[in-house]
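Chain and residue survey
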Amino acid sequence: MEKTKIHVYGQDMQMNKVDLGEHEVYAYETLVTPVMAVSMNDKLTITVWYVSNQSGAFLYPWDVMWLSMVSPYNQNKEFVGIELEYKGKKFLFMNPSPFRTGLFPYFEGDQETFEELNEDLVNLYIGWVATLNFGIWHEWEDVNVLVPQSGVWSDMQGHSWKWSTNPDGTATFSGVTFKLVDFQWKYQGTPEGVSMDGKGKFSPYLPLLVEGEGYYSFKDSSTGKETIIYAYIELKDLKLEKVS
């Protein structure tokens, strides 16, 4: 994450490009390396811009819901835009709403290439959700994870999960050392044919994982075909600054 200046654009009702000038924003960049994908066979760089600091952007650098902002009545005042770069080609999507209402989002670049990656992008989002945003995290809010813990739950109707945490080691970012916790969890939703599991390391003093991987699998009820989505995230560096 870093603060930068970018030129912001929108479109009027006649789809004419509207220049909204240069604005200072927060930029978040994520590099995606495919392991096994539907169409993606090279690295994908995702850059996202926000008006203010959004720690959640570390967790969700790509959100399928952003495409719902094609309306000029969109009221999202934080999300500014996203740029995808793949094999030397770029696609830009900008939301003008933080700076002027009544305009449509602006698109620029090689849209066809990224439409071909649409299934991979959807799977990427689901993979992140499975790895990072399962309900188990809320269970740990009131648990002392700095001592070994575990738990199980079932509604006796085919929905169950189990988890465990164990303190193990430290990590240092920007000269500050944080205690780490190993975690594992597993969810089974038999009626829906869905299962998820994850493991990795986190610190109760950081708002994002230090390392994590997870699987999301589901079966198509009509064809019986099983789809398995895998995601992995590792925090390489984190810039910290003291605030009053």
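Scroll up a little and you will see the structure.
Numbers given to residues run from 1 along each chain, matching the order in which its sequence is written. With the structure being a predicted model, the display of local features is reserved for residues of pLDDT at least 70 and the display and counting of side-chain atom pairs for 80 or more, all residues being used for whole-chain, interface and lining totals. As a rule here, side-chain values cover all heavy atoms of the structure and leave hydrogens and water aside.

Remarks on the overall build of the protein chain
Counting its secondary structure elements, the protein chain contains three helices and twelve strands. Whether a residue is buried, partly exposed or exposed follows from its accessible area with a 1.4 Å probe, protein chains only, as a fraction of its type maximum: under 20%, in between, or over 50%, in that order. In the protein chain, which comprises 244 residues, the share counted as buried stands at 41%. Looking at the protein chain alone, contacts between residues at least 24 apart form 49% of all its contacts between residues at least 6 apart. Here, Shrake-Rupley sampling with a 1.4 Å probe gives the accessible areas, and only protein chains in the shown set may cover a residue. For the protein chain, the accessible area works out to roughly 14,000 Å², and carbon and sulfur atoms hold 50% of it. Labels follow the DSSP assignment, with helices taken as runs of H or I lasting at least four residues and strands as runs of E lasting at least two, numbered in each case from the N terminus. In what follows, residue pairs with any heavy atoms lying within 4.5 Å of each other are defined as contacts.

A short note on the pattern of salt bridges
What makes a salt bridge here is a side-chain nitrogen of Lys or Arg within 4 Å of a carboxyl oxygen of Asp or Glu, nothing more. Counted under the stated rule, the structure contains seven salt bridges. We note a salt bridge from K3 to E24, for which the minimum N-O separation is 3.2 Å. Residue K3 is found in strand β1 (residues 2-11), and its partner E24 is found in strand β2 (residues 17-32); the two are separated by 21 residues along the sequence. Here E24 falls in the partly exposed class, since its relative accessible area comes to 46%. Here D168 and K201 are joined by a salt bridge, their closest N and O atoms 3.4 Å apart.

A word on the sheet that holds β1
Across the sheet, six strands lie side by side as β1-β2-β3-β4-β5-β6; this open sheet has antiparallel pairing. The sheet is open, and its two borders are formed by β1 and β6 (106-109), each paired with just one other strand. Within the sheet, the average angular offset between the axes of one strand and its neighbour, ignoring direction, is 25°. With nine bridges connecting them, β1 and β2 associate as antiparallel partners. Along β2, the bridge assignment pairs H7 with E22. Only when DSSP finds a minimum of two bridges between them are two strands counted as paired. Every angle, taken between N-to-C directions, lies between 0 and 180 degrees, and every axis is a line fitted to C-alpha atoms, over only the stretch in contact when it is a helix.

Focus on the sheet that holds strand β9 (residues 176-189)
Strand order across the open sheet formed by six strands is β7-β8-β9-β10-β11-β12, with antiparallel pairing between neighbours. Sheet topology places β7 (149-154) and β12 (226-234) at the edges, where each strand pairs with a single neighbour. Strand-to-strand twist across the sheet, computed as the mean angle between neighbouring axes with direction ignored, equals 15°. Of the pairings in the sheet, the one linking strand β10 (residues 194-202) to strand β11 (residues 211-219) comprises eight bridges and is antiparallel in character.

Comments concerning a nonpolar patch on the surface
Residues V35, M36, Y215, I228, Y230 and Y232 make up a contiguous nonpolar surface patch of roughly 700 Å² in combined accessible area. When residues of the nonpolar patch are assigned to their parent elements, the largest contribution, three residues, is made by β12. Along the polypeptide, V35 turns up in the loop between β2 and β3 (44-50). A residue is classified by how much of its surface remains accessible, and V35, at 72% relative accessible area, is exposed. In this analysis, a patch consists of residues with relative accessible area above 30% that form no salt bridge, clustered at 9 Å for like charges and at 5 Å for the nonpolar side chains Val, Leu, Ile, Met, Phe, Trp and Tyr.

Remarks on the environment of G102
Here G102 shows up in the loop between β5 (89-94) and β6. On the basis of relative accessible area, G102 is assigned to the partly exposed category, the value being 43%.

What about the packing of aromatic side chains?
Classification of ring pairs rests on two measures: the distance between centres of Phe, Tyr or Trp rings, Trp counted by its six-membered ring, which must be within 6.5 Å, and the angle between planes, read as stacked under 30 degrees, edge-to-face over 60 and tilted in between. In this structure the tally under the stated criterion is 14 aromatic pairs. For the pair F79 and F93, a centre-to-centre distance of 6.2 Å together with 25° between the ring planes defines the contact as stacked. Placement of the pair is F79 in strand β4 (residues 79-86) and F93 in strand β5, with a sequence separation of 14 residues. Since its relative accessible area comes to 1%, F79 is described here as buried. Aromatic rings pair up to connect Y28, Y50, F79, F91, F93 and F107 into one cluster. Between the NZ or CZ atom of K17 and the centre of the ring of Y9, over which it lies, the distance is 4.1 Å. Note on geometry: a ring has a charge over it if NZ (lysine) or CZ (arginine) is within 6 Å of the ring centre and within 35 degrees of the ring normal.

Some points on the pairing of β11
Note that β11 and β12 share nine bridges and pair antiparallel. Residue E211 lies in a different strand from β12, and its bridge partner there is E234. Linking two consecutive strands that pair antiparallel, namely β11 and β12, is a turn of six residues; a positive phi of about 80° is found at G224 within it.

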